[in-house]
Amino acid sequence: MIGVNDLKKGIVIEYDGKLMQILEFMHVLQNKVAYVRVKMKDVRTGTVTETALKGSDSSFKRCYIDKRDMQYIYSSGDSYTFMDSETYEQIDIPCERLEWEKNFMLEGMNVSITIYEGEILGVSLPDKVTLKVTQCEPAVRGDTKTSALKDAYVETGLLVKVPMFIELGDDIVLNTETGKYSSRA
């Protein structure tokens, strides 16, 4: 159990039956009343909430989230299969749980799977990934004066905006958090 005054950024607690990760916290003293203003994110759904907790509030259960490095092997239409490189154990994650992540995953890629008491919470991707451009419009003469962008599809099917100098077959680096073009590989 962990008290209100022991909360720190990054730890995960059980709050109202939900797994909540502390994003920000601030000790506040207002009109001789002390409390802690906390910004938390639900680990399962991603929703962010802010609340004020009094020092007299009950303590919280600290939750330890496991991260296992696994390799993405293949998708079978309704799920994605991952394998633990050490134990060769395989797990399947339904496609609907990885709607954003699937835009950046290639077979053979190493990812981090987050698990809490046997429940798979999600997949953590690297900050940036390199993908090949499979379809894009040709650059038009005269469009290079400004920082014009054009549409391009990468090998996972994701549509991104790229600079005009990017051509079909180029490898580009994408930010996995925003989905935006970062640089040429």
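This text goes with the structure placed above it.
Participant: When you look at the pairing of strand β14 (residues 171-175) in this model, what are you seeing that I'm missing?
Facilitator: Remember that side chains alternate between the two faces of the sheet whenever the strand is regular. Both strand β11 (residues 128-136) and β14 contribute to a ladder of five bridges, which runs antiparallel. Pairing of Val129 across the sheet is with Leu174, part of β14. Where β14 meets strand β15 (residues 181-184), three bridges bridge the pair, whose relative direction is antiparallel. If you follow Val173 over to β15, its bridge partner there is Ser183.

Participant: Just to check I follow, could you spell out the packing of aromatic side chains for this structure?
Facilitator: Any two aromatic rings considered together are summarised by their centre-to-centre distance and by the angle between their planes. The final tally for this structure, using the stated rule, is four aromatic pairs. Plain terms: the ring middles of Tyr15 and Phe60 are 5.8 Å apart, the flat faces sit at 55° to each other, and that makes the pair tilted. With Tyr15 in strand β1 (residues 12-15) and Phe60 in the loop between β4 (48-54) and β5 (61-63), this pair connects stretches of sequence that are 45 residues apart. Through pairs of rings, three or more aromatic residues link up here, namely Tyr72, Tyr80 and Phe82.

Participant: Would you mind showing me how to read the sheet that holds strand β13 (residues 159-163) here?
Facilitator: Two strands in a sheet stick together by hydrogen bonds in their backbones, pointing the same way (parallel) or opposite ways (antiparallel). Across the sheet, which stays open at both edges, the five strands sit in the order β13-β12-β11-β14-β15 with antiparallel pairing between neighbours. Two strands close off the open sheet at either side, each with one partner strand: β13 and β15. Across the sheet, the axes of successive neighbouring strands diverge by a mean angle of 50°, strand direction being ignored. In terms of strand pairing, strand β12 (residues 149-154) meets β13 through five bridges, oriented antiparallel.

Participant: What am I meant to see in the environment of Asn103 here?
Facilitator: On the secondary structure map, Asn103 appears in the loop between β8 (90-94) and β9 (110-116). Setting aside chain neighbours within four positions, we find Asn103 in contact with Leu131, Thr156 and Leu158.

Participant: How should the nonpolar core be read in this particular structure?
Facilitator: Among soluble globular proteins, nonpolar side chains are generally buried collectively. Counting 28 residues, the largest nonpolar core has Phe82, Met105, Ile113, Val123, Ile172 and Leu174 as the members making the most contacts within it. Look past the residues within four positions of Ile113 in its chain and what remains in contact with it is Asp66, Lys67, Arg68, Met70, Phe82, Ile91, Ile93, Ile120, Gly122 and Val123. Core analysis: the second largest hydrophobic core is formed by 13 residues, Ile2, Met20, Ile22 and Leu53 among them.

Participant: Would you explain the pattern of salt bridges in this entry?
Facilitator: Between side chains of opposite charge, a pair can form when the charged atoms approach closely. Taken as a whole and judged by the stated rule, the model has eight salt bridges. Salt-bridge contacts for Glu119 lead to Arg44; the nearest nitrogen and oxygen are separated by 2.9 Å. On the criterion of sequence distance, the pair formed by Glu119 in strand β10 (residues 119-124) and Arg44 in the loop between β3 (33-42) and β4 is long-range, its members being 75 residues apart. For Arg44, a relative accessible area of 38% gives the class partly exposed. Glu99 is the partner of Lys102 in a salt bridge, and the nearest nitrogen-oxygen pair spans 3.4 Å. Exposure remark for Lys102: the relative accessible area of 32% places this residue in the partly exposed category.

Participant: Even after reading the chapter, I still don't get the sheet that holds β8, so can you show me in this structure?
Facilitator: Strand order across the open sheet formed by five strands is β8-β7-β6-β9-β10, with antiparallel pairing between neighbours. Single-partner strands in this sheet number two, and they are β8 and β10. With strand direction ignored, the average angle separating the axes of adjacent strands in the sheet is 40°. Where β9 meets β10, five bridges bridge the pair, whose relative direction is antiparallel. In the strand pairing of β10, Ile113 is matched with Val123.

Rules behind the numbers
Here the residue index of a chain counts from 1 through its sequence in written order. Per-residue local features of the predicted model are confined to residues with pLDDT of at least 70, and side-chain atom pairs are confined, for both listing and counting, to 80 or more; whole-chain, interface and lining totals are unaffected and use all residues. To get the side-chain values, all heavy atoms of the structure are used, and hydrogens and water are removed first. Strand pairing is defined by DSSP finding a minimum of two bridges between the two strands. Strands are runs of DSSP state E lasting at least 2 residues, helices are runs of H or I lasting at least 4, and numbering of each runs from the N terminus. Ring pairs are drawn from Phe, Tyr and Trp, using the six-membered ring of Trp, whenever the two centres fall within 6.5 Å, and their geometry is named by plane angle: stacked under 30 degrees, edge-to-face over 60, tilted for the rest. Interaxial angle, 0 to 180 degrees, is taken between N-to-C directions of lines fitted to C-alpha atoms, where a helix line uses only the stretch in contact. Whether two residues are in contact is decided by their heavy atoms: any pair within 4.5 Å suffices. For the purposes of this section, nonpolar cores are sets of buried Ala, Val, Leu, Ile, Met, Phe, Trp, Tyr and Cys residues that join through side-chain atoms within 4.5 Å. The buried label goes to any residue with under 20% of its type's maximum accessible area, the exposed label to any with over 50%, and the partly exposed label to all in between, with areas taken from a 1.4 Å probe on protein chains only. Salt bridges are defined by distance alone: a side-chain nitrogen of Lys or Arg within 4 Å of a carboxyl oxygen of Asp or Glu.

Any link to function would need more than the numbers given here.
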